[in-house]
Amino acid sequence: MTLKDKALSVRENAYAPYSNFKVGAAITAANGEIFVGCNVENVAYPEGTCAEAGAIAAMVAAGQSRLTKVFVVADAPLPVSPCGGCRQKLIEFGDGDVQVTMATINGVEKNMTLAELMPGAFTEQHLENT
Ligand code: THU
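This text gives an overview of the structure that appears in the document. (Residues numbered from 1 in each chain as written. Predicted model: local features only at pLDDT ≥ 70, side-chain atom pairs only at ≥ 80, totals over all residues. Heavy atoms only, no water.)

**Observations regarding the overall build of the chain**
1) Next: Counting its regular elements, the chain contains four helices and five strands.
2) Next: For a compact globule of 130 residues, the expected C-alpha radius of gyration is about 14 Å, and the chain comes in at 14 Å, within 12% of that figure.
3) Next: Seen through its principal axes, the chain has C-alpha atoms that stretch 45 × 35 × 30 Å.
4) Next: For the chain, buried positions account for 40% of its 130 residues.
5) Next: Here the analysis covers contacts within the chain between residues at least 6 apart in sequence; of these, 58% occur between residues at least 24 apart.
6) Next: Of the roughly 7200 Å² that the chain leaves accessible, carbon and sulfur atoms contribute 53%.
7) Next: Of the charged side chains in the chain, 9 are positive and 14 negative, and the gap between their average positions amounts to 6 Å. (Helix = DSSP H or I, 4+ residues; strand = E, 2+ residues; numbered from the N terminus. Rg over C-alpha atoms; globule rule 2.2 N^0.38 Å. Buried < 20%, exposed > 50% of the residue type's maximum accessible area, 1.4 Å probe, protein only. Contact = heavy atoms within 4.5 Å. Areas by Shrake-Rupley, 256 points an atom, 1.4 Å probe, with all protein chains shown as cover. Lys, Arg positive; Asp, Glu negative; His and termini not counted. Charge placed at Lys NZ, Arg CZ, Asp CG, Glu CD.)

**Observations regarding the side chain of Arg11**
1) Next: Tracing the backbone through its elements, the reader meets Arg11 in helix H1 (residues 3-11).
2) Next: Buried charge without a salt bridge: Arg11, with Glu12 as the nearest opposite-charge side chain at an N-O distance of 4.0 Å.
3) Next: Setting aside chain neighbours within four positions, we find Arg11 in contact with Lys22, Val23, Gly24, Val73, Ala74, Asp75 and Ile105. (Salt bridge = Lys/Arg side-chain N within 4 Å of Asp/Glu carboxyl O.)

**Looking at the pairing of strand S2 (residues 34-38)**
1) Next: When strand S1 (residues 23-29) meets S2, the two strands line up antiparallel, connected through five bridges. Looking at S2, one finds that Ala25 is bridged to Gly37.
2) Next: Where S1 folds back on S2, the antiparallel hairpin that results is connected by four residues, among which Gly32 adopts a positive phi of roughly 95°. (Pairing = 2+ DSSP bridges.)

**Topic: the pattern of salt bridges**
1) Next: One pass over the full model with this rule turns up two salt bridges.
2) Next: Taking the shortest distance from any N to any O, the salt bridge between Asp95 and Arg66 comes out at 2.8 Å. Here the residue Asp95 occupies a position in strand S4 (residues 94-104), and Arg66 occupies one in the loop between helix H2 (51-61) and strand S3 (67-74), the gap between them amounting to 29 residues.
3) Next: Overall, Arg66 belongs to the partly exposed group, its relative accessible area being 33%.

**Re helix H3 (residues 84-93)**
1) Next: What H3 keeps buried is the set Cys86, Arg87, Leu90, Ile91 and Phe93. Summarising the axial view, the buried residues of H3 lie within an arc of 160°, below the 170-degree limit, and thus occupy one face. (Arc of directions from axis to C-beta.)

**Describing the environment of Thr101**
1) Next: Note that Thr101 resides in strand S4.
2) Next: The sequence separation of Thr101 and Arg66 amounts to 35 residues, and the corresponding C-alpha distance is 17 Å.
3) Next: Residue contacts for Thr101: discarding those within four places in its chain leaves Val70, Phe71, Val72, Glu109, Lys110 and Asn111.
4) Next: Here Asn111 takes part through its side chain, which lies 2.5 Å from a polar atom of the side chain of Thr101. (Polar contact = N/O pair within 3.5 Å; in protein donor to acceptor, adjacent residues only side chain to side chain.)

In structure tokens, the structure reads:
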């Protein structure tokens, strides 16, 4: 299955009874393996987690810590854009030139790099005096 097909497929498993907005994410790790995640909401709303966070957790749990490609998809009028928190999470594990494909389930896609999505990111360089 392609990265896109895996993102579309995991989206079906999203637990989103509060927003009714199901999101699927698939990421390719440096070793070529693909990891997936979906959003998992909670009745205590802030406890919900995004699809991207789930995919990153699966990648790290499998022993991989670099990602080379990201695909995010939802049933939205515009290609779904990772939230600010997820951008920070993605940049932790990916270089600035990593392509993030944002998509709708109807096949509209927009590509941006992590650097474009997260200009001026807070990185480990900022911690160098510590
Ligand atoms: N959501 C994601 O999972 N990823 C995104 O990139 C955008 C938003 C989720 C969070 C929440 O469960 C729902 O979409 C509505 O915000």
